[in-house]
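Each chain, letter by letter, is given below.
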Amino acid sequence: MKSLKGIYTALLTPFTADGKIKATVLAELVRYNLDLGADGFYVCGSTAEALMLTAEERMEIMRTVKENAKGANLIAHIGSLNERDAHRLAAYARELGYDLISSVTPFYYKFSAKEIRDYYVRLADSSGMKMLVYYFPAFSGVNMGAGDISSLLADDRFAGIKYTSNDFFTMERCKTAYPDKLVFNGYDEMLLSGLVMGADGGIGSTYNFMADKFVEIRRLVEEGRIDEARSIQQEANRIIAVLCQVGVMQAEKEVMNQLGFDFGGCLEPFAPISEEHRALIAKEIVPFIRKP
Ligand code: MN9
């Protein structure tokens, strides 16, 4: 049974000016991340702008990544408020041979804990795939305590959780209660914190061009070399601070463009990046990133 622990890039999606997916550039991104040492890919998540895409577009991304991932671990985010689409995408993930499916907690309509649990159970049962809960309260507006999360992790259908929160007390309580379940740290700027509290790895958007840094942080933590790990986290965080100043998604795509990928920009409603921000990225980020 292969390990699903490790560093997973939450892949960005390259688009043409009229919003079509650039499959060849996405394939180049996958190969670049394999060279950076990524253990796997989190496909069609927030970072991919997947919630702004059709089911067919998401299937094209899932297929393109599978064709180029060279056996790396694959997790498909199949979540949607259109649960019919979510079931179609979950079935497609199984057909392609993905390792896990994942979904953001159903949002907007303030669903109850039981409605959220039943949503996950239906998707796992209909696809026969194990589910990785995507917990991102800052974006979804759905807050769960250790009790709610534990009621999910107690069930065999759940492989674990992508935990994008700075509440490391709750993370530690869940990991201690369910040591065999996967817990992935979701905020890249806090990977070291998550790892020392028991996370099995990380899933992140800045990994698209910094996976090598995060692979090294995880290796150093495993060797107990915390001070060295912290130095690399500080290096990554200086870059992440600039990304946050610009707008994470728009900035990340501009980094890819300046690294030589014909990546394009974000889909509307995201605003295009300014010339001032392009210059800031050229000065403060790209010189410190490993070139393809
Ligand atoms: O899980 C990720 N972001 C998105 C949260 O999914 C959009 C992170 O990788 C952040 O982008 C990163 C920078 O704040 O930690």
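Structure: see above.
Predicted model, so just to flag it, every value in this text is computed and none were measured. (Residues numbered from 1 in each chain as written. Predicted model: local features only at pLDDT ≥ 70, side-chain atom pairs only at ≥ 80, totals over all residues. Heavy atoms only, no water.)

## Remarks on the overall build of the protein
Step number 1: In terms of helices and strands, the protein carries 12 helices and eight strands.
Step number 2: Each principal axis of the C-alpha distribution contributes one length, and for the protein these read about 50 × 45 × 35 Å.
Step number 3: Long-range pairs, those at least 24 residues apart, make up 70% of the contacts in the protein with a sequence separation of at least 6.
Step number 4: A total of about 12500 Å² of accessible surface is found on the protein, and carbon and sulfur atoms cover 53% of it.
Step number 5: The averaged location of the 39 negative side-chain charges in the protein is 3 Å from the averaged location of its 33 positive side-chain charges. (Helix = DSSP H or I, 4+ residues; strand = E, 2+ residues; numbered from the N terminus. Contact = heavy atoms within 4.5 Å. Areas by Shrake-Rupley, 256 points an atom, 1.4 Å probe, with all protein chains shown as cover. Lys, Arg positive; Asp, Glu negative; His and termini not counted. Charge placed at Lys NZ, Arg CZ, Asp CG, Glu CD.)

## Concerning the packing of helix α3 (residues 83-96) against helix α4 (residues 113-127)
Step number 1: The interhelical angle for the contact between α3 and α4, taken along N-to-C directions, is 40 degrees, at an axis separation of 9 Å. By the angle class used here, α3 and α4 are oblique. Classified by chirality, the crossing of α4 by α3 is right-handed. Judged by residue contacts, Glu83, Ala86, His87, Ala90, Ala91 and Arg94 of α3 engage Tyr119, Arg122, Leu123, Ser126 and Ser127 from α4.
Step number 2: Residues that form the contact of α3 with α4 fall into these classes: five nonpolar, three polar and three charged. (Axes fitted to C-alpha atoms, helices over the stretch in contact; angles between N-to-C directions. Parallel < 35°, antiparallel > 145°, perpendicular 65-115°, else oblique. Left-handed = near helix turned anticlockwise from the far one by under 90°. Nonpolar A, V, L, I, M, F, W, Y, C, P; charged D, E, K, R; others polar.)

## Comments concerning the pattern of salt bridges
Step number 1: Summed over all chains, the structure comprises 26 salt bridges.
Step number 2: The salt bridge partner of Asp85 is Arg88, with a shortest N-O separation of 3.5 Å. In this pair, Asp85 and Arg88 both sit in helix α3, three residues apart, roughly one turn of the helix.
Step number 3: One salt bridge in this structure joins Arg225 and Glu223, with 2.6 Å as the shortest N-O distance.
Step number 4: Its relative accessible area of 31% is what places Arg225 among the partly exposed residues.
Step number 5: Its relative accessible area of 43% is what places Glu223 among the partly exposed residues.
Step number 6: Through salt bridges with shared partners, a single ionic network connects Glu216, Arg219, Glu223, Arg225 and Glu228. (Salt bridge = Lys/Arg side-chain N within 4 Å of Asp/Glu carboxyl O. Buried < 20%, exposed > 50% of the residue type's maximum accessible area, 1.4 Å probe, protein only.)

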